[in-house]
Amino acid sequence: MFSHKIEFRVEWGETDTAGIIFYPNYYRWFDRATHALFRAAGMPISQLIRDGYAHPILEGGCKFSVPLYYDDLVTLETVVTEVRSKVFRLEHTVRRGEVITGQGFEVRAWVKQNETADGKTMAAIAIPEEFAAKLRG
């Protein structure tokens, strides 16, 4: 399956008053990593949105093992672990050096947005094969 890594430093605004990472930032990082993975696979989210696709999260979670601190250098690896008809699963591993600080996942749907007289509607659709193949690697 397709995988991608990003690297960044923990910013001051991502920490609490003790300089320890505020846990919801892991979910922001997962989303950032998902966008980077899509871009690396040749499917920039911005283009997919223009084409009417969206990828809402149906389920997510994270296990926090070791705290991160301000200015820590973080490597976040994202792996597509499952591609089904209308949904796919991503698993994220956050590391400081070789130490795993957290592991999480997202299950996302492949959705088509349509404009109607009443506004936008969304419906889960089968992942188009050209995109499913890229997710599988």
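Preceding this section is the structure that the text describes.
Residues numbered from 1 in each chain as written. Predicted model: local features only at pLDDT ≥ 70, side-chain atom pairs only at ≥ 80, totals over all residues. Heavy atoms only, no water.

**Considerations on helix H3 (residues 129-136)**
Right, so step 1: Along H3, the positions that sit buried rather than exposed are Phe131, Ala132 and Leu135. In an axial view of H3, the angular spread of the buried residues amounts to 100 degrees, which keeps them on one side of the axis. The outward face of H3, more than 90 degrees from its buried face, is lined by the exposed residues Glu129 and Glu130.
Right, so step 2: In this structure, the buried side of H3 is in contact with helix H1 (24-40), helix H2 (45-50), strand S2 (53-54), strand S4 (73-83) and strand S5 (87-96).
Right, so step 3: One or two positions beyond H3, positive phi appears at glycine 137, with a value near 85 degrees. (Buried < 20%, exposed > 50% of the residue type's maximum accessible area, 1.4 Å probe, protein only. Helix = DSSP H or I, 4+ residues; strand = E, 2+ residues; numbered from the N terminus. Arc of directions from axis to C-beta. Contact = heavy atoms within 4.5 Å.)

**Description of the sheet that holds strand S6 (residues 99-109)**
Right, so step 1: On the basis of which strands lie adjacent, the open sheet formed by five strands has the order S1-S4-S5-S6-S3 and antiparallel pairing. With one partner strand each, in any of the chains shown, strand S1 (3-9) and strand S3 (57-64) form the two edges of the open sheet. Strand-to-strand, the axes of this sheet are offset by a mean angle of 15 degrees, without reference to chain direction.
Right, so step 2: Pairing of S1 with S4, which is carried by seven bridges, proceeds in the antiparallel orientation. Looking across to S4, one finds that glutamate 7 is bridged to threonine 75.
Right, so step 3: Sheet strands in contact with H1 are S1, S3, S4, S5 and S6, and its direction is about 130 degrees off that of S1. (Pairing = 2+ DSSP bridges. Axes fitted to C-alpha atoms, helices over the stretch in contact; angles between N-to-C directions.)

**What about the packing of aromatic side chains?**
How two aromatic rings sit relative to each other is set out by the distance from centre to centre and by the angle between their planes.
Right, so step 1: Under the definition given, this model contains 14 aromatic pairs.
Right, so step 2: Residues tyrosine 26 and phenylalanine 64 carry aromatic rings whose centres are separated by 5.0 Å and whose planes lie at 80 degrees to one another, so their mutual orientation is edge-to-face. You can see tyrosine 26 sitting in helix H1 and its partner phenylalanine 64 sitting in strand S3, a full 38 residues away along the chain.
Right, so step 3: Judged by its relative accessible area of 39%, phenylalanine 64 falls in the partly exposed class.
Right, so step 4: We note arginine 32 situated over the ring of phenylalanine 8; from NZ or CZ to the ring centre the distance is 4.6 Å.
Right, so step 5: We note lysine 112 situated over the ring of tyrosine 53; from NZ or CZ to the ring centre the distance is 4.6 Å. (Phe/Tyr/Trp six-rings, centres within 6.5 Å; stacked < 30°, edge-to-face > 60°. Lys NZ or Arg CZ within 6 Å of the ring centre and 35° of its normal.)

**A look at the environment of leucine 48**
Right, so step 1: With respect to the secondary-structure elements, leucine 48 resides in helix H2.
Right, so step 2: Discounting chain neighbours no more than four positions away, the residues touching leucine 48 are Phe38, Met43, Tyr53, His55, Trp110 and Phe131.

**Some points on the pattern of salt bridges**
Right, so step 1: The full count for this structure, using the stated rule, is nine salt bridges.
Right, so step 2: Arginine 95 is paired through a salt bridge with glutamate 77; the nearest N and O atoms lie 3.8 Å apart. Taken together, the positions of arginine 95 in strand S5 and glutamate 77 in strand S4 put the pair 18 residues apart, joining distant regions of the chain.
Right, so step 3: In this structure arginine 95 comes out as partly exposed when scored by relative accessible area, which is 24%.
Right, so step 4: Two residues, glutamate 129 and arginine 136, come together in a salt bridge whose shortest N-O distance is 3.2 Å.
Right, so step 5: Residue arginine 136 is classed as partly exposed on the basis of its relative accessible area, which comes to 36%. (Salt bridge = Lys/Arg side-chain N within 4 Å of Asp/Glu carboxyl O.)

None of this, on its own, says anything about what the molecule does.
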